[in-house]
Amino acid sequence: MIPLSVPNLAGNEWKYIKDCLDTNWVSSVGSYVDRFEQSLAEYTGAGYAVSTSNGTAALHISLMLAGVEAGDHVILPNITFIASANSVKYVNADPVFVDIDKETWQMDLELLEKYMEQHAVVSEGKCTHKQTGKPIRAIMPVHVLGNMCDMDRLLAIAEMYHMAVIEDSTESLGSRYKGKHSGTFGTFGCFSFNGNKIITTGGGGMIVTNDEQLARKAKHLTTQAKSDPFEYVHDEIGYNYRLVNLLAAMGLAQMELLPSFLQRKQEIADMYTSGLSGITDIHLQKENADVTPNHWLFTVRCSRQKELIAHLTKNSIQVRPLWVPMNQLKMFRDSIFVSEHNESDKIYQSALSLPCSTGITNAEIEEVITRIKEVYA
Ligand SMILES: *Cc1c(COP(=O)(O)O)cnc(C)c1O
């Protein structure tokens, strides 16, 4: 079987985890937690990094600390993994789902601008939705599949409407816009180290920010809001969202491999791009010229999605469609969906992610390409 996207543990994972076991530092504190956080901060160029139990927890805490409150609106793309939308509901806010750009598959900023002009009013430094009367407090760009939107334009919209920016960068470790790393544009950026992400700790996440005060608050909230080093005094409702030392050890080892992973992802993308270039029905995700993507999960669009899924699956090649659009899920059917042509549904009906683990061989990539060509022969 050629799997879709599996971990690559070729580095110091065993060594660092063994060190945790040998020294008995396995749990919620330990030097690997600090070193992993430091490594993320250095790599992304963010001032501070706070590790969390997963990417969803990172989003939850970031929304809270960005000042999103019950009854607020948060803007996010309609094509994303469920965790982005769930985190908005965790703070009892209401999502406003924006359709995607059909070329880049990121939030459609043209559409968003038009929508804000028509439906948002700004007064006294606060943006309110004209129809619902609710504050539009924040915007959460999701760097879908490791690509990014025009961040300058997104930041300008956010500034104009006084919205906090929380980046769902969970898929974009290694991706840059004009050389600046994803997750460092907003007040917060959130990363995930789930098993299918570009690096993994089995499960884990990270919040990055340039604000020291907010970083301290994030650490506090993710560690039960304990305010005394000795006594069990807690000064607010906190969360147990820590990443344990064992997993941070794995994360540190994975960070050492990240440059080689990015290089391999680029090679995989290049091989698929040239190998599939003769098939006119197959369309690739377009990158803005300012974006250097991490090519996390190589995904194509085509009109024969169902046939391809059947044929590749039959030949032991693991593939996946993209997520069901948020507005089609029953929890979000009543949420606002900003759209003109429902590009979300079109991509849902046409997208297909192909095997692209960093450990995939060139022969396996050729095999996938050959099987795809069989469908079009
Ligand atoms: C993976 C992912 C998350 C959540 O990360 P977990 O670590 O699994 O909680 C959030 N948003 C997007 C877009 C993701 O792909």
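What you see is a predicted model; the values in this text were computed from it and never measured.

Asks: Hey, could you run me through the overall build of the protein chain in this one?
Replies: When you go through the protein chain residue by residue, the secondary structure sums to 11 helices and 16 strands. Taking the principal axes of the C-alpha coordinates as reference, the protein chain spans close to 70 × 60 × 35 Å. Split into buried and exposed, the 377 residues of the protein chain put 54% on the buried side. For the protein chain, contacts bridging at least 24 residues in sequence account for 71% of all contacts bridging at least 6. Accessible area for the protein chain stands at about 16200 Å²; split by element, carbon and sulfur atoms hold 51% of it. In the protein chain, 33 side chains carry a positive charge and 44 a negative one; their mean positions are 4 Å apart.

Asks: I keep staring at the packing of aromatic side chains and nothing clicks. Help me out?
Replies: Ring pairs (aromatic) are described by centroid distance and by the angle formed between their planes. For the structure shown, the criterion picks out six aromatic pairs. Considering the side-chain rings of Phe97 and Phe332, the 5.3 Å spacing of their centres and the 75° angle between planes classify their relative orientation as edge-to-face. Separated by 235 residues along the polypeptide, Phe97 in strand β3 (residues 94-98) and Phe332 in the loop between α9 (305-314) and β15 (336-338) bring together distant segments of the chain. Since its relative accessible area comes to 0%, Phe97 is described here as buried. Across from the ring centre of Phe185, 5.2 Å away, lies the NZ or CZ of Lys180, which sits over that ring.

Asks: Before we go on, may I ask you to explain the sheet that holds strand β14 (residues 299-301) in this structure?
Replies: Two pairing modes exist for strands in a sheet, parallel and antiparallel, and in both the strands are linked by backbone hydrogen bonds. With respect to topology, three strands assemble into an open sheet ordered β12-β14-β16, the strand pairing being antiparallel. Each edge of the open sheet carries a strand with a single partner, namely β12 (283-284) and β16 (351-353).

Asks: In this structure, what is going on with the side chain of Ser172? I would like to understand it.
Replies: Summarising the element assignment, Ser172 is placed in the loop between β7 (164-168) and β8 (176-177). If sequence neighbours within four positions are ignored, Ser172 has contacts with His143, Gly146, His181, Ser182, Phe191 and Asn294.

Asks: Would you take a moment to explain the nonpolar core for this structure?
Replies: One broad trend across soluble globular proteins is that nonpolar side chains are buried collectively. Of all hydrophobic cores here, the largest spans 63 residues; its most connected members are Phe36, Leu40, Leu173, Tyr272, Leu276, Leu354 and Ile372. Mapped onto the domain boundaries, this core takes at least three residues apiece from domain 1 (13-255) and domain 2 (258-376). Those residues within four positions of Leu354 in sequence are excluded, and the remaining contacts are Leu4, Tyr272, Leu276, Phe298, Val300, Leu312, Val319, Val368 and Ile372.

Asks: Could you clarify how one ought to interpret the sheet that holds strand β10 (residues 188-192) in this entry?
Replies: An order of β1-β11-β10-β7-β6-β2-β3-β15 is seen for the eight strands of this open sheet, with the pairing classed as mixed. Taken across any chain shown, the strands that pair with only one partner, and hence form the sheet edges, are β1 (48-52) and β15. This sheet shows a mean twist of 25° between the axes of neighbouring strands, independent of strand direction. With three bridges joining them, strand β2 (residues 73-77) and strand β6 (residues 136-139) adopt parallel strand pairing. Pairing of His73 across the sheet is with Ile136, part of β6.

Asks: How should the domain arrangement of the protein chain be read in this particular structure?
Replies: With domains assigned, the protein chain is organised as domain 1 (13-255) and domain 2 (258-376). The gap between the C-alpha centroids of domain 1 and domain 2 is 25 Å. The interface of domain 1 with domain 2 comprises 48 residues on the first partner and 40 residues on the second. Counting each side, the surface lost to burial between domain 1 and domain 2 is near 3900 Å², with a carbon and sulfur contribution of 64%. For the domain 1 face of the interface with domain 2, the top three residues by lost area are Trp105, Leu145 and Ile198, together amounting to 20%. At the boundary of domain 1 with domain 2, the tally comes to one salt bridge. Residue Lys114 pairs with Glu340 through a salt bridge whose shortest N-O separation is 3.0 Å. One can count 23 residue pairs in polar contact (both at pLDDT 80 or more) joining domain 1 with domain 2. Its residues placed into classes, the side of domain 1 that touches domain 2 shows 23 nonpolar, 15 polar and 10 charged.

Asks: Can you help me understand helix α3 (residues 55-65) in this one?
Replies: Note that an α-helix has 3.6 residues per turn; residues three or four places apart therefore point the same way. Taking burial as the measure, the 11 residues of α3 include nine buried ones, the bulk of the element. Gly55, Ala57, Ala58, Leu59, His60, Ile61, Ser62, Leu63 and Leu65 are the residues of α3 that are buried. Taking the backbone nitrogen of Thr56 as reference, a side-chain oxygen 3.1 Å away marks Asn54 as the first, capping residue of α3. One or two residues past the end of α3 sits Gly67, with phi positive at roughly 90°.

Asks: When you look at the pattern of salt bridges in this model, what are you seeing that I'm missing?
Replies: Here the idea is simple: oppositely charged side chains can pair when their charged atoms come close. Overall, the coordinates contain 15 salt bridges when judged by the stated rule. As a salt-bridge pair, Glu110 and Arg153 come within 3.1 Å of each other at their nearest N and O atoms. Taken as a pair, Glu110 in helix α5 (residues 109-119) and Arg153 in helix α6 (residues 151-160) lie far apart in primary sequence, 43 residues in all. Sharing partners across several salt bridges, the network here consists of Lys89, Asp94 and Lys134.

The rules behind each value
Residues numbered from 1 in each chain as written. Predicted model: local features only at pLDDT ≥ 70, side-chain atom pairs only at ≥ 80, totals over all residues. Heavy atoms only, no water. Helix = DSSP H or I, 4+ residues; strand = E, 2+ residues; numbered from the N terminus. Buried < 20%, exposed > 50% of the residue type's maximum accessible area, 1.4 Å probe, protein only. Contact = heavy atoms within 4.5 Å. Areas by Shrake-Rupley, 256 points an atom, 1.4 Å probe, with all protein chains shown as cover. Lys, Arg positive; Asp, Glu negative; His and termini not counted. Charge placed at Lys NZ, Arg CZ, Asp CG, Glu CD. Phe/Tyr/Trp six-rings, centres within 6.5 Å; stacked < 30°, edge-to-face > 60°. Lys NZ or Arg CZ within 6 Å of the ring centre and 35° of its normal. Pairing = 2+ DSSP bridges. Core = buried A, V, L, I, M, F, W, Y, C linked by side-chain atoms within 4.5 Å. Domains from an automatic or database assignment. Axes fitted to C-alpha atoms, helices over the stretch in contact; angles between N-to-C directions. Buried area = accessible area lost by both parts, 1.4 Å probe. Salt bridge = Lys/Arg side-chain N within 4 Å of Asp/Glu carboxyl O. Polar contact = N/O pair within 3.5 Å; in protein donor to acceptor, adjacent residues only side chain to side chain. Nonpolar A, V, L, I, M, F, W, Y, C, P; charged D, E, K, R; others polar.

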